[in-house]
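Results of the structural survey
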Amino acid sequence: MQNKSIRTWIKNPLDVLDASYAGGIVIQDDIIVELITAGGEPSKVVDEVIDASEHVLIPGLINSHHHFYQTLTRAFPAALNKELFPWLQSLYPVWAKLTPQMIATSTQIALSELLLSGCTTASDHHYLFPNGLENAIDIQIEQARKLGIRVHLTRGSMSLGEDQGGLPPRTTIQTDQQILDDSQRLIKSYHQYEDGAMTRIALAPCSPFSVSEELMRATGELAQGLDVRLHTHLAETHDETEFCIKMFGVRPVDYLERVGWLNNRTWLAHGIHFNEQEIDRLGAAGVGICHCPSSNMLLGSGQCPTLDLQAAGSPVGLGVDGSASNDGSNMIGEVRQALLLQRLRYGASKITHKKAFDWATKGSAACLGRDDIGEIAVGKQADVALFKLDEIRFAGSGTPVAALLLCGATKADKVMVAGRWRVLDGQVVGLDLNQLMAQQIKLAAQLAHA
């Protein structure tokens, strides 16, 4: 016997991003089926009513760039106070000693932290596959399914070792053929093409300074043949630009075009050091950019030209980036960081709280190539986050939805993914967080001394 569909009204929220659902939303199964205006009632009988009068209701936040495993090396002593290249060189040898258990636990930690901060979809860029860790993505998928969060997991790769002019040590790289074979395996095993997909796979050579030109080109061809997206780090630092000129004879965007990646299948992490002509080319091609404000500030990398990229035609999303260059996975906190950092560049009147939320929802969804998530609208997936304003930081605030960013919200009270509650009363449903944290602390210590 088929289970009866349940219609749920999340009723009369304290505040919203759009007045069209000021009276709440109706959800049936995993879909938003009705928006209720202020003072309105659902057009059909509902089975349950959730009183949201103390909650700000927003679309679930979407994290479009991360490195889950890096939760094991937050504030790592050898990596403190360094810029990107020396920071990476101090951490590569540590990360080369990751184990399957460490991948499982760090993934759970990262995803739990994201859920608790109002995130409903997360993309991860995992590019380390030392001996014994060949099934890292499979492990991540298992952990994401346990928590019920939507994921876009990217099969990262590194093939250009130090002895070949690249940055990573040889112990962390694989051959081009190993990478391409496993990429194809993961797509065929796990990628869901349909609307409402909970798991998707993208292909993500790590960066111009860690993979060969041949692998970049072959990965692009594979992604086109199997209709999946492409992702990489690009234009994050001046060091990277100098590396590309020295190694390939061109700047990063020229290199991207040369290997067949300058198209709307691609989204890039960081996207800081572009000139005006490059911004125009990226926009014309529809290349997405994931802005990672905390990481960019911590490593001193620079500021993403968000509004210029959007004006040119590029989707712009947000990512917390790795928890070793942030050093956290708090998505609502990252929206605040984007608001503040981008105001330094463009001014307060152009970077509103709604603009920052837009990057973290519709913008990130566009980077991931999705139109079924990222907004509260009829027919979209029921991915929502509800925040209370009952902490001292909010006392005296006037506009609740703006206060989430201006007063610095850090934790959601309720989070729904695909119509199912995954966070209730500020706790991840079905998770013993204290036990998980104790395991993470133990494994982080083991990794540091391995």
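First, a word on what this report is: a plain description of the structure on this page. Keep in mind that what you see is a predicted model, and the values were worked out from it rather than measured. (Residues numbered from 1 in each chain as written. Predicted model: local features only at pLDDT ≥ 70, side-chain atom pairs only at ≥ 80, totals over all residues. Heavy atoms only, no water.)

What follows deals with the overall build of the chain. Assigned secondary structure in the chain consists of 14 helices and 18 strands. For the chain, the C-alpha radius of gyration of 21 Å lies close to 22 Å, the compact-globule estimate for 450 residues. C-alpha atoms of the chain, sized along the principal axes, occupy 65 × 45 × 45 Å. By the burial criterion, 61% of the 450 residues in the chain qualify as buried. Within the chain, contacts between residues at least 6 apart in sequence are counted, and of these 74% link residues at least 24 apart. Looking at the chain as shown, the accessible area adds up to about 17100 Å², and 49% of this sits on carbon and sulfur atoms. The distance from the centre of the 38 positive side-chain charges to the centre of the 50 negative ones in the chain is 2 Å. (Helix = DSSP H or I, 4+ residues; strand = E, 2+ residues; numbered from the N terminus. Rg over C-alpha atoms; globule rule 2.2 N^0.38 Å. Buried < 20%, exposed > 50% of the residue type's maximum accessible area, 1.4 Å probe, protein only. Contact = heavy atoms within 4.5 Å. Areas by Shrake-Rupley, 256 points an atom, 1.4 Å probe, with all protein chains shown as cover. Lys, Arg positive; Asp, Glu negative; His and termini not counted. Charge placed at Lys NZ, Arg CZ, Asp CG, Glu CD.)

Within strand E11 (residues 230-234), 5 of the 5 residues are buried, leaving the element largely enclosed by the surrounding structure. Alternating positions in E11 separate into two faces, Leu230, Thr232 and Leu234 on one and His231 and His233 on the other, with burial throughout. The sheet contact formed by E11 and strand E12 (residues 266-270) spans 5 bridges and is parallel. The residue bridging Thr232 from the neighbouring strand is Leu268, located in E12. (Pairing = 2+ DSSP bridges.)

This part is about the state of the cysteines. The tally for this structure, following the rule as stated, stands at 0 disulfides. Its sulfur unpaired, Cys206 is 13 Å from the next cysteine sulfur, which belongs to Cys244. (Disulfide = S-S within 2.5 Å.)

What follows deals with the nonpolar core. Core analysis: the largest hydrophobic core is formed by 131 residues, its most contacted members being Ile58, Trp95, Leu98, Phe274 and Phe357. Each residue touching Phe274, except ones within four places of it in the same chain, is listed here: Leu234, Ala235, Val253, Leu268, Ile279, Leu282, Ile289 and Leu309. Judged by nonpolar contacts, the second largest core, of 9 residues, contains Trp267, Cys292, Cys367 and Ile373. (Core = buried A, V, L, I, M, F, W, Y, C linked by side-chain atoms within 4.5 Å.)

Residue position: Arg422 is located in strand E17 (residues 420-424). Lacking a salt bridge, the buried Arg422 has Asp383 as its closest oppositely charged neighbour, with an N-O distance of 8.9 Å. Within polar-contact distance, the side chain of Arg422 engages the backbone oxygen of Gly148 at 3.4 Å. Residues in contact with Arg422, not counting those within four places in the same chain, are Leu115, Leu147, Gly148, Val415, Met416, Val417, Gln427, Val428 and Val429. (Salt bridge = Lys/Arg side-chain N within 4 Å of Asp/Glu carboxyl O. Polar contact = N/O pair within 3.5 Å; in protein donor to acceptor, adjacent residues only side chain to side chain.)

All right, on to the sheet that holds strand E1 (residues 7-11) then. Pairing is mixed across the open sheet formed by 4 strands, whose spatial order is E4-E3-E1-E5. Strands with a single pairing partner mark the edges of an open sheet, and in this sheet they are strand E4 (31-36) and strand E5 (48-51). With strand direction ignored, the average angle separating the axes of adjacent strands in the sheet is 20°. Relative to E4, strand E3 (residues 24-28) runs antiparallel, the two being bridged by 5 bridges. Within E4, the residue paired with Gly24 across the bridge is Ile36. (Axes fitted to C-alpha atoms, helices over the stretch in contact; angles between N-to-C directions.)

Moving on to the packing of helix H3 (residues 136-147) against helix H4 (residues 176-190). At a minimum axis distance of 11 Å, the contact between H3 and H4 shows a crossing angle of 25°. Taken as axis vectors, H3 and H4 run roughly parallel relative to one another. Relative to H4, H3 is oriented so that their crossing is right-handed. Contacts between H3 and H4 involve Ile137, Asp138, Ile141 and Arg145 on the former and, on the latter, Arg185, Leu186 and Tyr190. Along the lines of polarity and charge, the residues of the contact of H3 with H4 split into 4 nonpolar, no polar and 3 charged. (Parallel < 35°, antiparallel > 145°, perpendicular 65-115°, else oblique. Left-handed = near helix turned anticlockwise from the far one by under 90°. Nonpolar A, V, L, I, M, F, W, Y, C, P; charged D, E, K, R; others polar.)

Note that Asp308 resides in helix H10 (residues 306-312). Those residues within four positions of Asp308 in sequence are excluded, and the remaining contacts are Ile279 and Tyr346. In terms of polar contacts, Asp308 uses its side chain to reach the side chain of Tyr346, at 2.3 Å.

Turning to the packing of aromatic side chains, a few remarks are in order. Within the structure shown, the criterion is met by 8 aromatic pairs. Seen from their ring centres, Trp87 and Trp95 are 5.8 Å apart, and the 70° between their planes marks the pair as edge-to-face. Each member of the pair, Trp87 together with Trp95, is buried. Aromatic pair Phe209 and Phe243: ring centres 6.3 Å apart, planes at 80°, arrangement edge-to-face. Linking Phe209 in the loop between strand E10 (199-205) and helix H5 (213-226) with Phe243 in helix H6 (residues 238-248), this pair joins segments that are 34 residues apart in sequence. (Phe/Tyr/Trp six-rings, centres within 6.5 Å; stacked < 30°, edge-to-face > 60°.)

Across the sheet, 6 strands lie side by side as E2-E6-E15-E16-E17-E18; this open sheet has mixed pairing. Lying at the two open borders of the sheet, with one neighbouring strand each, are strand E2 (15-16) and strand E18 (427-428). Note that strand E16 (residues 414-417) and E17 share 3 bridges and pair antiparallel. The residue bridging Val415 from the neighbouring strand is Val423, located in E17.

As a further point, take helix H1 (residues 84-95). Compared with an ideal rise of 1.5 Å per residue, which puts 12 residues at 16 Å, H1 spans 15 Å between its outermost C-alpha atoms and is within 8% of the ideal. Of all 12 residues in H1, 9 are buried, a share of seventy percent or more. Listing the buried residues of H1 in full gives Leu84, Phe85, Trp87, Leu88, Ser90, Leu91, Tyr92, Val94 and Trp95. For H1, the secondary structure elements touched by its buried residues are H6 and helix H14 (433-448). (Expected span 1.5 Å × (residues − 1).)

Given a rise of 1.5 Å per residue, 17 residues ought to cover 24 Å, and the 24 Å separating the end C-alpha atoms of helix H2 (residues 100-116) matches this to within 8%. Across the 17 residues that make up H2, a large majority, 14, are buried. Gly118 sits one or two positions beyond H2 and adopts a positive phi of about 90°.

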